[in-house]
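# Close look at the chain arrangement
What follows is the residue order along each chain.
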Amino acid sequence: MELKIHNSLSKKKELFEPITPGYVGMYVCGPTVYGEPHLGHARPYITFDVLYRYLEHLDMKVRYVRNITDVGHLEDELAGEGEDKIAKKARLEKLEPMEVVQTYTNSFHDKMDRLNTKRPSIEPRASGHIIEQIDMIEKIMANGLAYEVNGSVYFDIHEYSKSHKYGELSGRILEDLVAGAGNERRELAAQSDKKNPEDFALWKNAQPEHIMRWPSPWGVGFPGWHLECSVMSEKYLGKTFDIHGGGMDLLFPHHECEIAQAKAATGINPVKYWMHNNMITINGKKMGKSLGNFITLTEFFAGSHDFLEQAYSPMCIRFFILQAHYRSTVDFSNEALIAAEKGYKRLINAKGILSKMEHPGNEVAKDAAADEAIQKLCVRAYDHINDDLNTAQVLAELFEVSSKVNAYQNKQLDIAELSKATFDKMKQTFFTFFTDILGLLDESGSTGDDGSMDGVMNLLIDIRKTARENKDFATSDKIRDSLNELEIQLKDGKEGTTWVKN
RNA sequence: GGACGUGUGGCCGAGUGGCUAGGCAGUGGUCUGCAAAACCAUCUACGGCGGUUCAAGUCCGUCCACGUCCUCCA
């Protein structure tokens, strides 16, 4: 079975076939760096990190481009006095705009690193591509699909619609946008320079007080909202590339406009597969900037938010997100996160056992049925990831392995029921998926001095063992309880006692 | 108002026509000095109504509820 992904353009799962065999160009919309990254940001970057990892696992050469938006988003364009978000924040904090950008870029990188997302191949900034953006605007104008008014340039959707289909991605019909009943804002927009309210800005004339500004053929200004992604994806991935990802909330208008811009400039459909992750909700509502109901990743990691009952580690967050399919909404709650944390620890525990586990070496399985079940499980793991990245199902398979591994460890099952080959395959599959593809790390306190810690623990376990043999349960329980208070848990198994730091 | 989507057991969450999802929590058991851990077993489901079908959580219709987008947002 080969990789299938859901294409938002066709609204179907499609077999993934790179434009150039063996090579994949992937563009994912990055953050606008004017605030601390929150839980909602974790979703797309973890989702596409898994895709990135999996494509590499399939031996594809992937160029993963993810931008940093450090210019261009208007705060309130409807009132006709739009202010760049970066610029506004800069004034509030009395910082240089680029200082704001750097601060939040650093924070974004830090949080993404902690979530164990691999950094993209190229991370271009909008402000570094002003020339290219001007260049694309000129191409669109040359094709008669944009017009200049008072130092601003707008995309002419009506003209574009004569030769192209606007709305192919979002399923929107131009007439609906125009007619848009109950949308008073359209009337406000109509007061602007646009020929039609549906037209969107490619270049905006900068008012004198506007800090972030660049010269252009149309005067001093700044690029429009949707242009950067078109420009940077084309620059680094070509006029047409394989995968474009992002949150569903970007589907319209952002991605619709990207398609229009690219087609208007080059005549070519820019993206083969559009992929959109769904939102994280809190109390059933989308967590986001606009509703102000977001919890930052810093707050999650520290547990420093009224809504949070405890701190949640980066891997807990990652696991939580991977437990749901990326195209479903996932509702945040303390209960759900605590469940995720426990599930994650269960897998980590199994992983630790599995890494040390040895197989007796029999080439023939003692239990053919059990052996076959594991073989099938290993195949299913791939089937699931191939099925539009069904990480939830992959995790379910890993849990199955965990139960087996625990049973082997405790001699509840005989590991020789599996052949050596099957055991090795199970081990390899588990590690490949857990570590390489799902990108889950063991964050349980390996703090460098494992050597002495192991020695101390072995000593305590040994003393306790002697005490238990002498029926001195007061001593043995004291050791166990005291260690528990230090968040070290002892596990008494048939093969002796092991310990784990919580 | 328009476009799209969702509604699964105590909680989270897979699953798209017949085959145990899984995790967390609960219950019973095995193991244990006791417990924990682990394993085994087990309970609680597919929003309402109607239809198609030998068979529907899964398809169709309808109603209800909720969400996303239509304005910056991952």
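Everything here concerns the structure above.
Below or above, wherever it landed, is the structure these notes cover.

Conventions adopted
- Sequence positions are assigned chain by chain, starting from 1 and proceeding in written order.
- Ligands are numbered from 1 and chains lettered from A, in the order in which they are written.
- Local features in a predicted model are, by the rule used here, given only for residues with pLDDT of at least 70; side-chain atom pairs are given and counted only at 80 or more, and totals for whole chains, interfaces and linings are based on all residues.
- Just so you know, side-chain values use all the structure's heavy atoms and leave hydrogens and water out.
- Stacked, tilted and edge-to-face are the three classes applied to pairs of Phe, Tyr and Trp rings, where Trp contributes its six-membered ring and a pair requires centres within 6.5 Å; stacked means planes under 30 degrees apart, edge-to-face means over 60, and tilted covers the rest.
- Partly exposed describes any residue whose relative accessible area lies between the buried limit of under 20% and the exposed limit of over 50%, with all areas from a 1.4 Å probe on protein chains only and scaled to the type maximum.
- In this description a helix means any DSSP run of H or I spanning at least four residues, a strand means any run of E spanning at least two, and both kinds are numbered starting from the N terminus.
- Comment: the charge-over-ring label is applied if NZ (Lys) or CZ (Arg) is within 6 Å of the ring centre and within 35 degrees of the ring normal.
- Only heavy atoms enter the contact rule, under which two residues are in contact if any of them lie within 4.5 Å.
- In short, DSSP must find at least two bridges between two strands for them to pair.
- To get an axis, fit a line to the C-alpha atoms, keeping to the stretch in contact for a helix; angles then go from 0 to 180 degrees between the N-to-C directions.
- Each salt bridge in this description consists of a side-chain nitrogen of Lys or Arg and a carboxyl oxygen of Asp or Glu lying within 4 Å of one another.

This part is about the packing of aromatic side chains. Tallied over the full model, the rule gives 16 aromatic pairs. Arranged with centres 6.4 Å apart and planes meeting at 85°, the rings of Tyr160 and Tyr166 form a pair that is edge-to-face. A single burial state applies to Tyr160 and to Tyr166, both of which are buried. Ring geometry for Phe300 versus Tyr312: centroids 6.3 Å apart, planes at 55°, classification tilted. Here Phe300 is found in helix H10 (residues 297–302), whereas its partner Tyr312 is found in the loop between H10 and helix H11 (314–322), with 12 residues between them in sequence. Of the two residues, Phe300 and Tyr312, neither departs from the other in class, the shared state being buried. Chaining the aromatic ring pairs together yields one cluster made of Phe155, Tyr160, Tyr166 and Phe200. Across from the ring centre of Phe252, 4.1 Å away, lies the NZ or CZ of Arg172, which sits over that ring. Directly above the aromatic system of Tyr34 lies the positively charged group of Lys289, at a separation of 5.3 Å from the ring centroid.

Moving on: the side chain of Asn406. For Asn406, the location among the structural elements is in helix H14 (residues 391–409). In contact with Asn406, not counting residues within four places along its chain, are Arg346, Asn349, Ile353 and Gln412.

Glancing now at the pairing of strand S2 (residues 12–15). One ladder, built from four bridges, connects strand S1 (residues 4–7) with S2; its direction is antiparallel. From the neighbouring strand, Lys4 faces S2, where its bridge partner is Leu15. Count of turn residues in the S1/S2 antiparallel hairpin: four residues, of which Lys11 carries a positive phi of about 60°.

So, about the sheet that holds strand S8 (residues 221–223). The strand order S5-S6-S7-S8 describes an open sheet built from four strands, whose pairing is antiparallel. On the outer flanks of this sheet lie strand S5 (146–149) and S8, each paired with one strand and no other. When strand polarity is set aside, the average angle formed by the axes of neighbouring strands in this sheet is 20°. Relative to S8, strand S7 (residues 201–205) is paired through three bridges, and the arrangement is antiparallel. The partner of Asn205 across the bridge, within S8, is Gly221. Against the sheet, helix H4 (residues 130–142) contacts S5, strand S6 (152–155), S7 and S8, and its axis sits at roughly 115° relative to S7.

Scanning the entire structure with this criterion turns up 22 salt bridges. A salt bridge links Arg66 to Glu123; the shortest N-O distance between them is 3.4 Å. Taken together, the residues span a long stretch of sequence, with Arg66 in strand S4 (residues 61–66) and Glu123 in the loop between helix H3 (97–114) and H4 at a distance of 57 residues. As a salt-bridge pair, Glu132 and Lys235 come within 2.5 Å of each other at their nearest N and O atoms. Placement of Glu132 in helix H4 and of Lys235 in helix H8 (residues 227–237) is noted, with a sequence separation of 103 residues between them. Judged by relative accessible area, which is 23%, Glu132 ranks as partly exposed. Members of the salt-bridge network, linked through shared partners, are Asp49, Arg53 and Arg318.

Here we come to the environment of Asp472. Structurally, Asp472 can be placed in the loop between helix H16 (450–469) and helix H17 (473–485). Relative accessible area serves as the criterion here: at 31%, Asp472 is assigned to the partly exposed category.

Phe252 connects to Pro253 through a cis peptide bond whose omega is 0°. Checked against the element boundaries, Pro253 lands in helix H9 (residues 251–266). Even without a glycine there, the phi angle at Asn116 is positive, about 60°. Relative to the helices and strands, Asn116 is located in the loop between H3 and H4. Here Asn116 falls in the buried class, since its relative accessible area comes to 16%. Although it is not a glycine, Asn150 sits at a positive phi angle of roughly 50°. With respect to the element layout, Asn150 can be found in the loop between S5 and S6. Since its relative accessible area comes to 55%, Asn150 is described here as exposed.

Our focus in this paragraph is the environment of Leu58. Assignment of secondary structure puts Leu58 in the loop between helix H1 (39–57) and S4. When its relative accessible area of 33% is taken as the criterion, Leu58 is described as partly exposed. Residues Leu58 and Leu3, spaced 55 residues apart in sequence, show a C-alpha to C-alpha distance of 9.7 Å.

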